[in-house]
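As a plain string of letters, each chain reads:
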Amino acid sequence: MSFANVVHFLEKIAPLAKLSKKEITLLQTPDRILKAELTVNGKKYPAYRVQFNNARGPYKGGIRYHPEVSEDEVTSLAFWMTVKTAVTDLPFGGGKGGVTVDPKKLNQKELEELSRAYVRAFYKNLGPDTDIPAPDVYTTPEIMGWMLDEYQKLTGKKAPAFITGKPLELGGSKVRDIATALGGVYILEEAVKKTGLKEKKVAIQGFGNAGMNMAQLLAERGYTVVAVSDSKGGIYDADGLNIEEVMKVKKTKGTVTEYTKAAKISNQELLESGCSILIPSALSGVITDKNAEKIKAKMVLELANGPTTPEADEILWARKVLVLPDILANAGGVTVSYFEWAQNKNDESWSEQKVKKKLQEKMVSAFQQIWDEFSDEKKSFRTAAYVLALKKIAAAEKNKIKNKS
Ligand code: NAD
């Protein structure tokens, strides 16, 4: 979504959150937009760090490497991070970074140089209590490791809490690899309990980190995963797919479509297939006003960022399809990032069980708060999540202003 649309969206939603004109303007204005030009092997790459709002705590957000990264996109993403950390009650604000680059065109050495150059450009504005980066599209734990090393060289201090999503041996957290999917499972289980949904047939679009882990976790919990897909297409079996076998096929042949014991379907057909729970876990903007009427699922869990267009959202709301929005459904990743930061700050290493238990508590509590806000039935679950988050950010801003005066 462009930042102009974010501004428009905020104006629409603000009356429901009972925000004043001053508060709306504040929430529409990033605190700081930092820009730089990174040079690697004589080539220049535009780079950004947007610090949107820190009323609730240090800025937090990933760094994206993609040819389409722009100041506008990074600003919108920094806004979503501000909302996402508020939804799950993490003591963070929101920020985001990005470099306009096609990382597939760089060799390993150039990628490392670019990552170190990013830190050199922005490190004075980053830090464990100021602004904490993390991975995003095409940035990996290995890249986080290079960035940490560069930061520590520049500051002369050991500071693992400077960045999250690190490899385990550099202070990363257990469970981070499956955190997004597991957080989604906890939200889904709460929604199933509240609505009394009986049929547990699931279709999942996307079979990467989010989608594949989700399929595996749900199959283990007795859900029937009837369809999965990747960029090459999908597969469907009304009686349920054998997910372990599908994972083997994906690993060995590169695509789920090579699985021969199920019917082949397109990605479009997957969205409209016979299931009670639909989990978009790949691209944004796939549920639109063209297909929202045809969706058979009673529940949509948004593991992908922004899979539903605003028009489709209204159609699904009118059809009483419960949409569990991305800002809640995929917040498991940033929540375990917070746990990683907390462990680093206190020089601790939590067990897998402890991380999972704390993740469940956070997700269930966030779900319950939104459910309470939602139960007046005048607003969708997504709107309720935004209203709640914006109120929290506005309240923290008020506090900040009071403390200053
Ligand atoms: P990934 O790169 O690991 O996997 C993406 C999957 O989508 C792959 O299986 C790919 O084949 C599939 N795909 C690509 N094009 C497709 C198409 N046209 N139709 C259907 N499938 C297609 O990425 P990921 O980390 O799993 O992220 C997926 C989504 O989840 C993104 O929207 C991302 O922003 C969101 N998300 C991920 C995390 C995380 O921690 N991984 C956290 C929050 C949000």
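Residues numbered from 1 in each chain as written. Predicted model: local features only at pLDDT ≥ 70, side-chain atom pairs only at ≥ 80, totals over all residues. Heavy atoms only, no water.

Some remarks on the sheet that holds strand 8 (residues 233-236)
Argument step 1. Strand order in the open sheet formed by seven strands is 9-8-7-6-10-11-12, and the pairing between neighbours is mixed. This sheet does not close on itself; its edge strands, each paired only once, are strand 9 (263-265) and strand 12 (322-324). Strand after strand, the sheet turns through a mean of 20° between neighbouring axes, direction not considered.
Argument step 2. With three bridges joining them, strand 11 (residues 299-301) and strand 12 adopt parallel strand pairing. When the sheet's bridge partners are listed, Met299 is paired in strand 12 with Leu322.
Argument step 3. The strands touched by helix 6 (residues 179-195) are strand 10 (277-280), strand 11 and strand 12; relative to strand 11, the strand with the most contacts, the crossing angle is about 160°. (Pairing = 2+ DSSP bridges. Helix = DSSP H or I, 4+ residues; strand = E, 2+ residues; numbered from the N terminus. Axes fitted to C-alpha atoms, helices over the stretch in contact; angles between N-to-C directions. Contact = heavy atoms within 4.5 Å.)

Remarks on helix 1 (residues 3-13)
Argument step 1. Listed in full, the buried residues belonging to helix 1 are Phe3, Val6, Phe9, Leu10 and Ile13. The buried residues of helix 1 all sit within an arc of 105° when viewed along its axis, so they share a single face. Every exposed residue of helix 1 that faces more than 90 degrees away from the buried side is listed here: Ala4 and Lys12. (Buried < 20%, exposed > 50% of the residue type's maximum accessible area, 1.4 Å probe, protein only. Arc of directions from axis to C-beta.)

Section: the site of the ligand
Argument step 1. Close to the ligand lie 18 residues; Thr180, Phe207, Asn209, Ala210 and Ala282 are nearest.
Argument step 2. At a separation of 2.9 Å, an oxygen atom of the ligand approaches a polar backbone atom of Phe207.
Argument step 3. Coverage of the ligand by the protein chains reaches 68% of its 830 Å² of free accessible surface.
Argument step 4. Tallied by class, the residues present in the shell around the ligand amount to six nonpolar, ten polar and two charged. (Near = heavy atom within 4 Å. Polar contact = N/O pair within 3.5 Å; in protein donor to acceptor, adjacent residues only side chain to side chain. Areas by Shrake-Rupley, 256 points an atom, 1.4 Å probe, with all protein chains shown as cover. Nonpolar A, V, L, I, M, F, W, Y, C, P; charged D, E, K, R; others polar.)

Looking at the environment of Leu390
Argument step 1. For Leu390, the location among the structural elements is in helix 14 (residues 381-404).
Argument step 2. Distance in space between the C-alpha atoms of Leu390 and Lys264 is 43 Å, their sequence separation being 126 residues.

Topic: the layout of surface pockets
Argument step 1. Of the pockets and cavities examined, the second largest pocket occupies roughly 410 Å³.
Argument step 2. In terms of lining residues, the second largest pocket is bounded by 18 residues, among which Trp317, Lys320, Val321, Leu322 and Phe374 are the most central.
Argument step 3. Among the secondary structure elements, those contributing two or more residues to the lining of the second largest pocket are helix 10 (310-318), strand 12, helix 13 (352-374) and helix 14.
Argument step 4. It is helix 10 that contributes the most residues to the lining of the second largest pocket, three residues altogether. (1 Å grid on protein atoms, 1.4 Å probe; cavity = no way out; pocket = protein on both sides within 12 Å on 5 of 7 lines; lining within 4 Å. Points joined across faces, edges and corners; volume = space filled by probe spheres on them.)

Let's talk about helix 4 (residues 108-122)
Argument step 1. An ideal rise of 1.5 Å per residue puts 21 Å on 15 residues; helix 4 measures up with 22 Å between its terminal C-alpha atoms.
Argument step 2. What helix 4 keeps buried is the set Glu110, Leu111, Leu114, Ser115, Arg116, Ala117, Tyr118, Val119 and Phe122.
Argument step 3. On its buried side, helix 4 packs onto strand 1 (32-40), strand 2 (43-53), strand 3 (59-66), strand 4 (94-100) and helix 5 (141-155). (Expected span 1.5 Å × (residues − 1).)

Some words on unusual backbone geometry
Negative phi values dominate among residues other than glycine, just as trans dominates among peptide bonds.
Argument step 1. Here the phi dihedral of Val175 falls at roughly 80°; this positive angle occurs in a residue that is not glycine.
Argument step 2. Note on placement: Val175 falls in the loop between helix 5 and helix 6.
Argument step 3. A relative accessible area of 7% places Val175 in the buried class.
Argument step 4. The phi dihedral of Asp347 is positive, around 55°, even though this residue is not glycine.
Argument step 5. As for its placement among the helices and strands, Asp347 is situated in the loop between helix 12 (332-345) and helix 13.

Some remarks on the domain arrangement of the protein
Reports of interface size often rely on the accessible area that becomes lost once the parts have come together.
Argument step 1. Here the domain parsing of the protein yields domain 1 (31-172) and domain 2 (178-329).
Argument step 2. Here the C-alpha centre of domain 2 lies 30 Å away from the C-alpha centre of domain 1. (Domains from an automatic or database assignment.)

Some words on the packing of aromatic side chains
Argument step 1. Overall, the coordinates contain 19 aromatic pairs when judged by the stated rule.
Argument step 2. Pairwise contacts between aromatic rings join Phe3, Phe9, Phe52, Phe79, Trp80 and Tyr386 into one cluster.
Argument step 3. Geometry around Tyr223 places Lys200 over its ring, the cationic atom sitting 5.3 Å from the centre. (Phe/Tyr/Trp six-rings, centres within 6.5 Å; stacked < 30°, edge-to-face > 60°. Lys NZ or Arg CZ within 6 Å of the ring centre and 35° of its normal.)

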